[in-house]
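Residues per chain are reported as follows:
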Amino acid sequence: MIFVLNGPNLGRLGTREPSIYGSTTYADLVQICRDTAKRLDLEVQVRQTDAEFEMIRWLHEAVDEGADVVLNPGGWTHYNIAVRDACALLGGRLIEVHISNIHKREEFRHKSVITGVATGVIAGLGVDGYRLALEHLAQVGGGA
């Protein structure tokens, strides 16, 4: 099982700042992840929340299952130590994904507290980053 977890405001994809995040909707993103997983013979759970406690609960679920995680922490990327600490508990791999290139944006977005516990980071490739993360996990033997 691979958890594809999305943090705050990602449910607004397609309408939230399309000049930065593109016109792909959250429903489109979910379908991209499911189609990619099916093609790669992976099992995925795709989830989005604006609630910190729910994200932490999902990360704990991944810990308990020994699952790999593809995580777009959204705005929590830059300051949320509780989410980072839950990520640090993971026994599986963690791929941090950002639709935009956080290093080309405002200064406060340049630092991720998650990166230090992530297996890898994909940023700035749009929603294609999710497909690449799942392909990587499949290639190195993850998720099924």
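Residues numbered from 1 in each chain as written. Predicted model: local features only at pLDDT ≥ 70, side-chain atom pairs only at ≥ 80, totals over all residues. Heavy atoms only, no water.

*Asks:* Can you explain the UniProt feature "binding site: substrate" (unreviewed entry) in the protein? Please cite residues and give values.
*Replies:* Residues given the UniProt feature "binding site: substrate" (unreviewed entry) here are Asn72, His78, Asp85, Ile99, Ser100 and Arg109. Separation in sequence by 38 residues is matched in space for these annotated residues, since their most distant C-alpha atoms are 23.7 Å apart. Relative to the helices and strands, asparagine 72 resides in strand 3 (residues 68-72). With relative accessibility at 3%, the residue asparagine 72 sits in the buried group. With residues up to four places along the chain from it excluded, the contact list for asparagine 72 reads Leu5, Asn6, Gly7, Leu10, Val97, His98, Ile99 and Tyr130. Secondary-structure assignment places aspartate 85 in helix 4 (residues 81-88). Relative accessible area serves as the criterion here: at 40%, aspartate 85 is assigned to the partly exposed category. (UniProt positions renumbered as here; feature names shortened; annotations may be inferred. Helix = DSSP H or I, 4+ residues; strand = E, 2+ residues; numbered from the N terminus. Buried < 20%, exposed > 50% of the residue type's maximum accessible area, 1.4 Å probe, protein only. Contact = heavy atoms within 4.5 Å.)

*Asks:* Tell me about the side chain of histidine 98, and name the residues and values.
*Replies:* With respect to the helices and strands, the residue histidine 98 is situated in strand 4 (residues 94-98). Taking relative accessible area as the criterion, histidine 98 reaches 4% and is therefore assigned buried. For histidine 98, the side chain forms a polar contact with the side chain of glutamate 96, separated by 2.7 Å. Dropping the residues within four chain positions of it, histidine 98 is found in contact with Asn72, Pro73, Thr77, Ile122, Ala123, Gly124 and Leu125. (Polar contact = N/O pair within 3.5 Å; in protein donor to acceptor, adjacent residues only side chain to side chain.)

*Asks:* Help me get a handle on the sheet that holds strand 4, residues and values and all.
*Replies:* Read across the open sheet, the five strands follow the order 2-1-3-4-5; overall the sheet is parallel. The outermost strands of the open sheet, each flanked by one partner alone, are strand 2 (44-48) and strand 5 (120-123). Strand-to-strand twist of the sheet, defined as the mean angle between neighbouring strand axes without regard to direction, takes the value 15°. Sheet topology places strand 4 next to strand 5; four bridges connect them, and they run parallel. Residue histidine 98 lies in a different strand from strand 5, and its bridge partner there is alanine 123. Sitting on the sheet, helix 3 (residues 52-65) is in contact with strand 1 (2-6), strand 2 and strand 3, with an inclination near 165° to strand 1. (Pairing = 2+ DSSP bridges. Axes fitted to C-alpha atoms, helices over the stretch in contact; angles between N-to-C directions.)

*Asks:* Give me the lowdown on the pairing of strand 4, citing residues and values where you can.
*Replies:* Burial within strand 4 is extensive, with five of its five residues counted as buried. Side chains Leu94, Glu96 and His98 project from strand 4 onto one buried face, and the interleaved Ile95 and Val97 project onto a second face that is buried too. Sheet topology places strand 3 next to strand 4; three bridges connect them, and they run parallel. Bridge pairing links valine 69 to leucine 94 in strand 4. Crossover strand 3 to strand 4 through helix 4 is right-handed. (Right-handed = clockwise from strand over helix to strand, strands pointing away.)

*Asks:* Residue-level account of the state of the cysteines, with values.
*Replies:* Tallied over the entire structure, the rule returns zero disulfides. Left without a disulfide partner, cysteine 33 is nearest to the cysteine sulfur of cysteine 87, which lies 17 Å away. The class for cysteine 87 is buried, based on a relative accessible area of 2%. (Disulfide = S-S within 2.5 Å.)

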